[in-house]
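The primary structure of each chain is shown beneath.
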Amino acid sequence: MGLLDTILGRSKPVRPDLDQLFAVPSAALTLQAGTGFIPTGLGSVCFAGVEGGTFARIQQDVQELLDADTDRGGIPVEFSHDSYGYTWLLARHSPDDVAALVNDLHAVNTLLQDGGFGPQLLCSLIGFRNTEGRSLALVYLYKRGTFYPFAPVPGGAERRDSPLELQVRATLGDDLRVEQDLSRWFPVWGAPGL
C-alpha cells in the first residue's frame, strides 16, 4: 500500500485465512459454556455461481469429495439457491463432531479458492441451537477473514436478537477473530443450516 492510498483512505483488503475455521470447535465449547448454545451439526457455504464448465467441474468435485462417505452412513450434501441467486451447499454431521463439519466447510472453501473462484465465496456458517430451540449461526466472512454471530428472533419475522449477538461476540472474543465493524454483520435469513 502506498502513500497515496493512505492519504485517500484506501486500505488493502484482508487476505482470507481459511484456517480461522479450525478455531470453531473450541469456540463451540466456549459458546456452550457461556450461552448454552450447542452445535446442530449443520453448516453451509454460500457462493455466487458462475456459468461455465470449469466451475461446474469444481462444484462436482466438491460434491464427490463430501459425499465420499455416504456408503458408510454419511449424509449427502445438498445444493440450493436463494432468492438473490446465490448457491448454498449444506453439509450435515453429528452435532458432536464439529471438527468434521469444519473440515468439510474448509474443504469446500479451499477447492473453490484454489480453482480460482475465491472471489465468488461469500460466507460459511455453522448452526447452533439452545434448549429453548433458539437458532444462532457463527458466520465466517470469506473476504474479511472474520466471524460474526447471527441470531434471528423466533417466529418467522425477519428480526434479529441484537443483544444476544453482542453477548456472543463478548463470549467468543478470545476464541475467534470477530468482525469489529457491525455494519458487516449481514443477516442471512433462511440460510440452510440455520
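A quick note: this is a predicted structure, and the numbers were derived from the prediction, not measured. (Residues numbered from 1 in each chain as written. Predicted model: local features only at pLDDT ≥ 70, side-chain atom pairs only at ≥ 80, totals over all residues. Heavy atoms only, no water.)

Peer 1: Go over the overall build of the chain, please, and point to the residues and values.
Peer 2: Looking only at helices and strands, the chain features five helices and six strands. Listed N to C, the secondary structure of the chain is α-α-β-α-β-β-α-β-β-β-α in terms of helices and strands. In terms of C-alpha radius of gyration, the chain reaches 17 Å, essentially the compact-globule figure of 16 Å for 194 residues. The principal-axis extent of the C-alpha atoms belonging to the chain is close to 55 × 45 × 30 Å. Looking at the chain residue by residue over its 194 residues, the buried ones come to 43%. In the chain, of all internal contacts separated by at least 6 residues, the share reaching a separation of at least 24 is 64%. As presented, the chain carries roughly 10000 Å² of accessible surface, and 53% of it is formed by carbon and sulfur atoms. (Helix = DSSP H or I, 4+ residues; strand = E, 2+ residues; numbered from the N terminus. Rg over C-alpha atoms; globule rule 2.2 N^0.38 Å. Buried < 20%, exposed > 50% of the residue type's maximum accessible area, 1.4 Å probe, protein only. Contact = heavy atoms within 4.5 Å. Areas by Shrake-Rupley, 256 points an atom, 1.4 Å probe, with all protein chains shown as cover.)

Peer 1: Any details on the sheet that holds strand S1 (residues 38–48)? Residues and values, ideally.
Peer 2: Pairing between sheet strands relies on hydrogen bonds along the backbone, with the strands arranged either parallel or antiparallel. Strand order in the open sheet formed by six strands is S2-S3-S1-S4-S5-S6, and the pairing between neighbours is antiparallel. Across the chains shown, the open sheet's two edge strands, defined by having one partner strand only, are strand S2 (78–81) and strand S6 (146–150). Averaged over neighbouring strand pairs, the angle between their axes works out to 25° when direction is ignored. Of the strand pairs in this sheet, strand S5 (residues 135–141) and S6 are connected by five bridges, and their pairing is antiparallel. Paired with Ala137 across the two strands is Phe150, which belongs to S6. In the packing of helix H2 (residues 24–35) onto the sheet, contacts are made with S1, strand S4 (121–129), S5 and S6, and the angle to S4 comes to roughly 40°. Against the sheet, helix H3 (residues 53–66) contacts S1, S2 and strand S3 (86–92), and its axis sits at roughly 15° relative to S3. (Pairing = 2+ DSSP bridges. Axes fitted to C-alpha atoms, helices over the stretch in contact; angles between N-to-C directions.)

Peer 1: Please provide a residue-by-residue account of the pairing of S5, values included.
Peer 2: Burial runs high along S5: seven of the seven residues are buried. Across the two faces of S5 the burial is the same, with Ser135, Ala137, Val139 and Leu141 and Leu136, Leu138 and Tyr140 all buried. Sheet analysis places S4 next to S5, joined by seven bridges and oriented antiparallel. Pairing of Arg129 across the sheet is with Ser135, part of S5. What sits between S4 and S5 in their antiparallel hairpin is a turn of five residues, with Gly133 showing a positive phi close to 85°. Hairpin geometry of S5 and S6 is characterised by an intervening segment of four residues between the two adjacent antiparallel strands and by a positive phi of about 70° at Gly145.

Peer 1: Please provide a residue-by-residue account of the side chain of Thr146, values included.
Peer 2: Residue position: Thr146 is located in strand S6. With near-sequence residues (within four places) excluded, Thr146 lies in contact with Val139, Tyr140, Leu141, Arg177, Val178 and Glu179.

Peer 1: Which residues make up the pairing of S1, and what values go with them?
Peer 2: With nine of its eleven residues buried, S1 lies for the most part within the structure. Pairing geometry for S1 and S4, over seven bridges, is antiparallel. Its bridge partner lying in S4, Ile38 is registered against Arg129. Two strands pair when backbone bridges link them, and S1 and S3 are joined in this way by seven bridges, in the antiparallel orientation. Each bridged residue has a counterpart across the sheet, and for Ser44 the counterpart in S3 is Leu90.

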